[in-house]
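Here is what each chain is made of, one letter per residue.
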Amino acid sequence: MRPRRALAMLCALAAAACESSPGTVSPPATTAKDASVAQPREVDETVVPKRRSAEPNPLGLPAANVTFTEGQFVYAVPEAMLTTAKVGVSLELRAAKVESMDGHDVIVHAASGPAYNIHAGYVVAPRMKPVQRGTRVMVPYRAQLRHATVQRQVKNQIVVRYGDVGVALGDQAIAIDEVGVLGGGLEPGAYALARHEHGQHLVLLVSLGTHADGARRWLVLGPEGEARILDADELTPLGDARKLKPGSSVLVAWHGDMVPATLRTIEPSGLVSVKRPRVGPTLIVGIDMIAPAPATTPPTP
């Protein structure tokens, strides 16, 4: 074979080898059909819907003409409880912050978890007012709404003594914007007496609304936190037991019921001591856990 012809054949073989090398092969042209398969798509909500909040008004409360401000401290029923809420099921009021209003709903968020929509009737907003020693207030305890009595103010905190947590905690300091003053009547966040067939219960008031039939009814939480909707005339304010004298007959909260007792002392801290007749030791409770006993009519001779 002639040298020139042999050299040409070697070059042709080298070029063929280069074209068949995996590192130099050009990728095949992508067709329109292939491109449509390869491109990522946005999630279609009809297939995978975005996370939705719970029903904001599971008990069908009437519209509430209330406005909240961004960052406001409130107590609200947690979203998880809204999903199963119905009359008779236990609810809680837990500390939260307002993000904004959404029509008649409020958007709130707790210390953990996402924000959610809730009807204003399931929200209690503390009333911020000047306080002094002895002022009755609503304050959080482990994020739940509780009652206490003011002892003193220290800079931007209010020192209180709890009266409804079941244990003696001593003085506790609370951020001033988390303290709500109680007026002593029927108001959101206050306790009240609710009549039942065997006597009276102590209930926590949540919100008052005018229903479709024109009746004014309260959403309340019963002795075990159970949600109830009661006519306004079924409820009675506790009254101010601090006006009573030692030896007065009172009613004291005992496992949710209001039972007879005798007032022993009213301490400067706002706590009171009472004694149930012939039953158990002296009880130390908050001023919002007792009420004056109703007057009895003497039998007709």
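Everything that follows concerns the structure shown earlier in this document.
Report on the accompanying structure.

## So, the layout of surface pockets
Once rolled over the atoms, a probe with the size of a water molecule shows which space is left empty.
Consideration 1: Size it by volume and the largest pocket reaches roughly 910 Å³.
Consideration 2: In terms of lining residues, the largest pocket is bounded by 35 residues, among which Arg146, Asp164, Val165, Tyr191 and Met289 are the most central.
Consideration 3: Where the lining of the largest pocket is concerned, the elements lending two or more residues are β7 (144-154), β8 (157-162), β12 (199-210), β16 (249-254) and β19 (283-286).
Consideration 4: With four residues, β19 is the largest single contributor of residues to the lining of the largest pocket.

## Some thoughts on the pattern of salt bridges
Consideration 1: Under the definition given, this model contains seven salt bridges.
Consideration 2: Note that Asp288 is salt-bridged to Arg136, the shortest N-O span being 2.8 Å. Note that Asp288 is positioned in the loop between β19 and β20 (290-292) and Arg136 in strand β6 (residues 136-141), a separation of 152 residues in sequence. The two residues Asp288 and Arg136 agree in class, both being buried.
Consideration 3: Linking Arg161 and Asp171 is a salt bridge whose minimum nitrogen-to-oxygen distance equals 2.8 Å. Here Arg161, found in strand β8, pairs with Asp171, found in strand β9 (residues 171-175); they are ten residues apart in sequence, far enough to count as distant.
Consideration 4: In this structure Arg161 comes out as partly exposed when scored by relative accessible area, which is 23%.
Consideration 5: With relative accessibility at 34%, the residue Asp171 sits in the partly exposed group.

Calculation rules
- Residues numbered from 1 in each chain as written.
- Predicted model: local features only at pLDDT ≥ 70, side-chain atom pairs only at ≥ 80, totals over all residues.
- Heavy atoms only, no water.
- 1 Å grid on protein atoms, 1.4 Å probe; cavity = no way out; pocket = protein on both sides within 12 Å on 5 of 7 lines; lining within 4 Å.
- Points joined across faces, edges and corners; volume = space filled by probe spheres on them.
- Helix = DSSP H or I, 4+ residues; strand = E, 2+ residues; numbered from the N terminus.
- Salt bridge = Lys/Arg side-chain N within 4 Å of Asp/Glu carboxyl O.
- Buried < 20%, exposed > 50% of the residue type's maximum accessible area, 1.4 Å probe, protein only.

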